[in-house]
Amino acid sequence: GAVVSQHPSRVICKSGTSVKIECRSLDFQATTMFWYRQFPKKSLMLMATSNEGSKATYEQGVEKDKFLINHASLTLSTLTVTSAHPEDSSFYICSAKRTSGFNEQFFGPGTRLTVL
Amino acid sequence: AQSVTQPDIHITVSEGASLELRCNYSYGATPYLFWYVQSPGQGLQLLLKYFSGDTLVQGIKGFEAEFKRSQSSFNLRKPSVHWSDAAEYFCAVVRSGGYNKLIFGAGTRLAVHP
């Protein structure tokens, strides 16, 4: 149980286009989902926290208009990278946790974004 | 500010040898600490966690970690490494302020020689 999927696993796009990444909790309802960015040989940096039905909370330095997050249901959150540029190329990882209160996060396998 | 430091970027051990991966944290109160493993193509998997109580924590896949408040450390250990343990390992702490936000260390890449 507690499986989180991401789609696509890999995407290549042209500069200036927008890319949508989906994060789904397959066998549980996720009240909260997190989006991380991982640079090569670097750690995971939290970008934003999304709660179902409300606006995402972005970390300092993360452009909310650049990285649009929608948590439309208890099993789906999407991250849209708008007007992508080569510096947005990275590995994006989502995680989800079951209920309110403190709880373990379950991580998706990640999405490799390459912007040409 | 809270932080997590993993001093070793890359470690190589022989199969069957013991392993210790270091993790130091900076946090005022009692931290919630975690170790995750990341294998290619797979999501981060929780190995073990420490919230309170016994400072020696047992995890999955034969891993254990010891919380030492005096040293602000939470080192991960395994008595005998298997080739399948080759992966990236991350130490993390829950950030103060709630919402389960995690702060990760930079990670340690483990290579296992046959």
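Below: a short report on this structure. Everything numeric here is computed off the predicted structure, so don't read it as measured data.

**Describing the overall build of chain B**
When its secondary structure is counted, chain B shows 0 helices and 12 strands. Taking 13 Å as the expected radius of gyration for a compact globule of 114 residues, we find that chain B reaches 14 Å, a close match to that expectation. If you line up chain B on its principal axes, its C-alpha atoms span 45 × 30 × 20 Å. Out of the 114 residues belonging to chain B, those deemed buried represent 46%. Expressed as a percentage of contacts within chain B between residues at least 6 apart in sequence, the contacts between residues at least 24 apart total 52%. If you sum the accessible surface of chain B, you get close to 5,400 Å²; carbon and sulfur atoms cover 50% of it. Side-chain charges in chain B split into 10 positive and 8 negative, and the spacing between the mean points of these groups amounts to 9 Å.

**Section: the overall build of chain A**
Summing up its helical and strand segments, chain A has 0 helices and 11 strands in all. From first element to last, N terminus to C terminus, chain A shows the α and β order β-β-β-β-β-β-β-β-β-β-β. Here the C-alpha atoms of chain A give a radius of gyration of 13 Å, agreeing with the 13 Å that 2.2 N^0.38 yields for 116 residues. If you line up chain A on its principal axes, its C-alpha atoms span 40 × 25 × 25 Å. Carbon and sulfur atoms form 52% of the exposed surface of chain A, whose accessible area is close to 5,700 Å². Side chains of chain A give 13 positive and 9 negative charges; the mean places of these two sets differ by 5 Å.

**So, the environment of A48 of chain A**
Residues and elements named next belong to chain A. Mapped onto the fold, A48 is located in strand β5 (residues 44–51). Looking at A48, the relative accessible area reads 0%, which means it is buried. Between the C-alpha atom of A48 and that of M33, which follows or precedes it by 15 residues, the distance is 8.6 Å. Setting aside anything within four residues of it in sequence, one finds A48 in contact with M33, F34, W35, T57, Y58, E59 and I69.

**A look at the interface of chain B and chain A**
The partner chain A presents 21 residues to the 21 residues of chain B that form the contact. If you sort the residues of chain B by the area they bury against chain A, N100, K101 and F104 of chain B come out on top, with a joint share of 33%. In this assembly, chain B and chain A are joined by 1 salt bridge. Among the salt bridges present, the one from E59 of chain A reaches K101 of chain B, with a minimum N-O distance of 3.0 Å. Taken together, the links from chain B to chain A amount to 4 residue pairs in polar contact (both at pLDDT 80 or more). Every element with two or more residues in the side of chain B that touches chain A is listed here: β5 (33–38), β6 (45–50), β10 (87–94) and β11 (102–104) of chain B. When its residues are assigned to classes, the side of chain B that touches chain A shows 12 nonpolar, 6 polar and 3 charged.

**Examining the layout of surface pockets**
Approximately 600 Å³ is the volume attributed to the largest pocket. Forming the boundary of the largest pocket are 23 residues, of which Q38 and R112 of chain A together with Q38, E88 and R109 of chain B lie nearest the centre. As a volume, the second largest pocket reaches approximately 400 Å³. Residue lining of the second largest pocket: 21 residues in total, with M45, L46, M47, E59 and V62 of chain A positioned closest to the centre. The dominant element in the lining of the second largest pocket, judged by the number of residues it contributes, is β5 of chain A, at 4 residues. Grouping the constituent residues of the lining of the second largest pocket by class yields 10 nonpolar, 3 polar and 8 charged.

**A word on unusual backbone geometry**
A cis amide bond links H7 of chain A with the next residue in sequence, P8 of chain A, at an omega value of 0°. Phi is positive for S72 of chain B, close to 50°, though the residue is something other than glycine. By secondary structure assignment, the location of S72 of chain B is in the loop between β8 (64–68) and β9 (73–78). Look at S72 of chain B and you get partly exposed, because its relative accessible area is 26%.

**A few points about the packing of aromatic side chains**
According to the stated counting rule, one finds 15 aromatic pairs over all chains in the structure shown. Here Y36 of chain B and F104 of chain B contribute two aromatic rings whose centre-to-centre distance is 5.8 Å and whose plane-to-plane angle is 50°, an arrangement assigned as tilted. Taken as a pair, Y36 of chain B in strand β5 and F104 of chain B in strand β11 lie far apart in primary sequence, 68 residues in all. Under the relative-accessibility criterion, Y36 of chain B is labelled buried at 1%. What makes F104 of chain B buried here is its relative accessible area of 7%. Here the aromatic cluster, defined as three or more aromatic residues joined through ring pairs, consists of Y36 and F107 of chain A together with Y32, F34, Y36, F51, F90 and F104 of chain B. One residue, R98 of chain A, lies across the ring of F28 of chain A, its end atom 5.5 Å from the ring centre.

What counts, and where the lines are drawn
- Residues numbered from 1 in each chain as written.
- Chains lettered and ligands numbered in written order.
- Predicted model: local features only at pLDDT ≥ 70, side-chain atom pairs only at ≥ 80, totals over all residues.
- Heavy atoms only, no water.
- Helix = DSSP H or I, 4+ residues; strand = E, 2+ residues; numbered from the N terminus.
- Rg over C-alpha atoms; globule rule 2.2 N^0.38 Å.
- Buried < 20%, exposed > 50% of the residue type's maximum accessible area, 1.4 Å probe, protein only.
- Contact = heavy atoms within 4.5 Å.
- Areas by Shrake-Rupley, 256 points an atom, 1.4 Å probe, with all protein chains shown as cover.
- Lys, Arg positive; Asp, Glu negative; His and termini not counted.
- Charge placed at Lys NZ, Arg CZ, Asp CG, Glu CD.
- Buried area = accessible area lost by both parts, 1.4 Å probe.
- Salt bridge = Lys/Arg side-chain N within 4 Å of Asp/Glu carboxyl O.
- Polar contact = N/O pair within 3.5 Å; in protein donor to acceptor, adjacent residues only side chain to side chain.
- Nonpolar A, V, L, I, M, F, W, Y, C, P; charged D, E, K, R; others polar.
- 1 Å grid on protein atoms, 1.4 Å probe; cavity = no way out; pocket = protein on both sides within 12 Å on 5 of 7 lines; lining within 4 Å.
- Points joined across faces, edges and corners; volume = space filled by probe spheres on them.
- Phe/Tyr/Trp six-rings, centres within 6.5 Å; stacked < 30°, edge-to-face > 60°.
- Lys NZ or Arg CZ within 6 Å of the ring centre and 35° of its normal.

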